[in-house]
Each structure stands twice: as C-alpha cells, then as structure tokens.
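The primary structure of each chain is shown beneath.
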Amino acid sequence: MGRGLAIPAQPLALNANRKLDERRQRALTRYYLAAGVGGLAVGVHTTQFAIRDPKIGLFEPVLHLAKEEMDRAGREVFRIGGVCGDTKQAVAEATLLKSLGYEAGLLSLAALKNADDNALLAHCRAVGEILPIVGFYLQPAVGGRVLPYAFWRRFFEIESVIAVKIAPFNRYQTLDVVRALVATGRQDIALYTGNDDAIVTDLVTTYFGRRIVGGLLGHWACWTKSAVALLKTCQAVTDTIPAPLLETGVAVTDMNAAIFDAANSFHGCIAGIHYVLQQQGLLEGIWCLDENEGLSPGQQAEIERVRAAYPYLTQPDDDFIAEHLDEWLR
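Student: Explanation requested: unusual backbone geometry in the structure shown.
Tutor: A negative phi angle characterises most non-glycine residues, just as the trans form characterises most peptide bonds. Even without being a glycine, Phe 208 presents a positive backbone phi close to 50°. Looking at the secondary structure, you find Phe 208 in the loop between strand S8 (206–207) and strand S9 (210–211). We note that Phe 266 has phi near 70°; this positive angle belongs to a residue other than glycine. With respect to the secondary-structure elements, Phe 266 resides in the loop between helix H9 (243–259) and helix H10 (269–280).

Student: Looking at this structure, I do not really get the environment of Trp 287. What am I missing?
Tutor: Of note, Trp 287 is situated in the loop between H10 and helix H11 (299–309). Look at Trp 287 and you get partly exposed, because its relative accessible area is 23%. C-alpha of Trp 287 to C-alpha of Asn 118: the two residues are 169 residues apart in sequence and 39 Å apart in space. With near-sequence residues (within four places) excluded, Trp 287 lies in contact with Leu 14, Asn 15, Ala 16, Arg 18 and His 274.

Student: How should the nonpolar core be read in this particular structure?
Tutor: One broad trend across soluble globular proteins is that nonpolar side chains are buried collectively. Judged by nonpolar contacts, the single largest core of 100 residues is most densely connected at Tyr 31, Phe 151, Trp 152, Phe 155, Phe 156, Leu 277 and Leu 282. If you tally residues by element for this core, the top one is H10, at seven residues. Leaving out residues up to four positions away in the same chain, Leu 282 has contacts with Arg 24, Ala 27, Leu 28, Tyr 31, Leu 277, Ile 321, Leu 325 and Trp 328.

Student: What's the story with helix H2 (residues 59–71) in this structure? I'm lost.
Tutor: With 13 residues, H2 extends 18 Å between its outermost C-alpha atoms, agreeing within 8% with the 18 Å of an ideal straight helix rising 1.5 Å per residue. Listed in full, the buried residues belonging to H2 are Phe 59, Val 62, Leu 63, Leu 65, Ala 66, Glu 69 and Met 70. Along the axis of H2, the buried positions cluster into a sector of 160°, meaning they face one direction only. Against helix H1 (22–35), strand S2 (39–42), strand S3 (78–83) and helix H3 (87–99) lie the buried residues of H2.

Student: Help me understand a negative patch on the surface in this model?
Tutor: Taken together, Asp 319, Glu 323, Asp 326 and Glu 327 make up a surface patch of like negative charges. With respect to the helices and strands, the residue Asp 319 is situated in helix H12 (residues 311–328). Residue classification places Asp 319 among the partly exposed residues on the basis of a relative accessible area of 44%.

Calculation criteria
Residues numbered from 1 in each chain as written. Predicted model: local features only at pLDDT ≥ 70, side-chain atom pairs only at ≥ 80, totals over all residues. Heavy atoms only, no water. Helix = DSSP H or I, 4+ residues; strand = E, 2+ residues; numbered from the N terminus. Buried < 20%, exposed > 50% of the residue type's maximum accessible area, 1.4 Å probe, protein only. Contact = heavy atoms within 4.5 Å. Core = buried A, V, L, I, M, F, W, Y, C linked by side-chain atoms within 4.5 Å. Expected span 1.5 Å × (residues − 1). Arc of directions from axis to C-beta. Patch = residues over 30% accessible without salt bridge, like charges linked within 9 Å, V, L, I, M, F, W, Y side chains within 5 Å. Areas by Shrake-Rupley, 256 points an atom, 1.4 Å probe, with all protein chains shown as cover. Salt bridge = Lys/Arg side-chain N within 4 Å of Asp/Glu carboxyl O. Lys, Arg positive; Asp, Glu negative; His and termini not counted. Charge placed at Lys NZ, Arg CZ, Asp CG, Glu CD.

In short, shape yes, function no, at least from these values alone.
In structure tokens form, the structure reads like this:
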C-alpha cells in the first residue's frame, strides 16, 4: 500500500428480492479490476455492514466472490477486508480474511462507542495479532466516533498497523491523524484518504512533511476508471498545484455531495452509488439490505445534475462500461 493505490470500497449487488446477485457482484469486481485499481476493499461500509447478520449470511460469500475474481486478475491486487464488531467478532472476521488470502483488515471501531482508549487499543492489538491493520477514522454521521490525537499517537505504535484510512470529513480531525503518525517517526505506515468531500485536496497536499499516497473510498466505487487517472495526476504533483486540478477537486466534491446525499446527513450514500452503477448497467437496481435505505427526495435530480455538469469525469467510465459490460456479465 505504501506506493499509493486507488482502492474502491465495493458495493453489494442485490436483486429485487434483496438477495445476492452473484453475476452482477462478479461484474462489479471485474469492472474495478479492468479500470486499473490497485486494490479492493470488501465487506466494508459500502458493502453494507448488515451482510454480517447471521440471518443474511453474506459476509463470507461476498468475500469469496471477490477473492475468486482477484485471483483471476493476472496481476497484483491488494486485498482488504472489513473488520467490525466487538473483539470476539473482529478476531473471527480477521481470521476468516486471513484464510481467504486477504492482506489486511480495515478495522472499524464503531461497535465500541463507549470504550476508552486502553480498551480500544487492546482490541486493535488483538486483531493485529491475526492480520495487518488498516486503521479507520469513520465519521460519526455514518456510525463512527471521535478519536483524538492521543488515541492515534498510541495506535500508530502497534507494529501490525500498515496504513490508515482518514475519513472523518473534518479538517481538524484529519490533522490529528497525520500529526500523530509524524510524531511516531514511522515511515512504514501509509496515509490514505477516505475524506470523500476533499479527495483532491488530500492527495495534493503535504501535511507536516507527509503525503497522503492513495485513496480508499466509497466515492471511487463508481466512475472508477476516472478515479484511477485522477490519482495518478495528483501523485505527479511535486511543487505547484495546477489551478485546473484544484477546479477538478471542486467538481469531485460537488459530485460527492450528490452521490453521498450530504444534504440529508448521508442517508442515501449507498443508494447514490447504486444509482450511478444502475444507470451504467452494472446493477439491476438500487436495492439495499435495509428496505428503509434508498435515495432521498431530490437526490436523483442532484446526481443527474453532476453527471451532466462534469462529463470529463463521467463519460470515460460510461463509455468504458458500455464497451465491456456484456463480457463482465458473462
């Protein structure tokens, strides 16, 4: 991960009965791989945490499907799986990921809302004994919790930590994470943006002498080919940031506001991604596991607005998918 990768957070393909659509789930993975991603994150927020519900039972099947497609890729793809729940559940999930050949676990602490730093760190160490860890600062609006500088300073002392996804959607809290890593002096931990509202800003800025090298993003689950190209452009910036690139950053944030439903506290964030993928033919519908989860009023119109406003960011993927969709769906 240290060289900086484009890593989409994989969605969940469902049919009208809200059951797994295996054919389209595979097609999604094939699309991401063909688009040139460097890694894939499976079983994370965008895949829907409810796949872990024993009554639904989709966590292991979805991991298996992605593994099989990555095995067929014919190239190196960094494999990340989501790790959630209390320590017993998180250790079990990490063990499963390891058995399937996943290389790291994206560790959500959302289930430990009332734990103090000592308990959180003990939890992280227990998971880290099984599998390398990608830390995760998930914004409170979608289930995360505030994690102060003092926590991150100690977290980065855990030997098995290899990266961190910074996704608080908050500049102050983003600085807390980077400053804590810099204070440790470790160079073997990679910084990844998960701040979907500030993707380009994060990728072209030097923070306390460190660069955020890549992105692990739900936003990159759609229009992925353009995202891969955008990451390369940002990584090439070494001195003066070109004004057009900053303007593209504004466009990407505008697109994210529509897709992620920022106007409604992100209620429609997963359905928004599904809508884009449905319009491209990759998904049959926008169904989520939770029947109450869908597009917010006005969200569809906003997504259509940004699709039309920024064709240089949307058309390359639309054309790419149209050309290859039949082969991905076989």
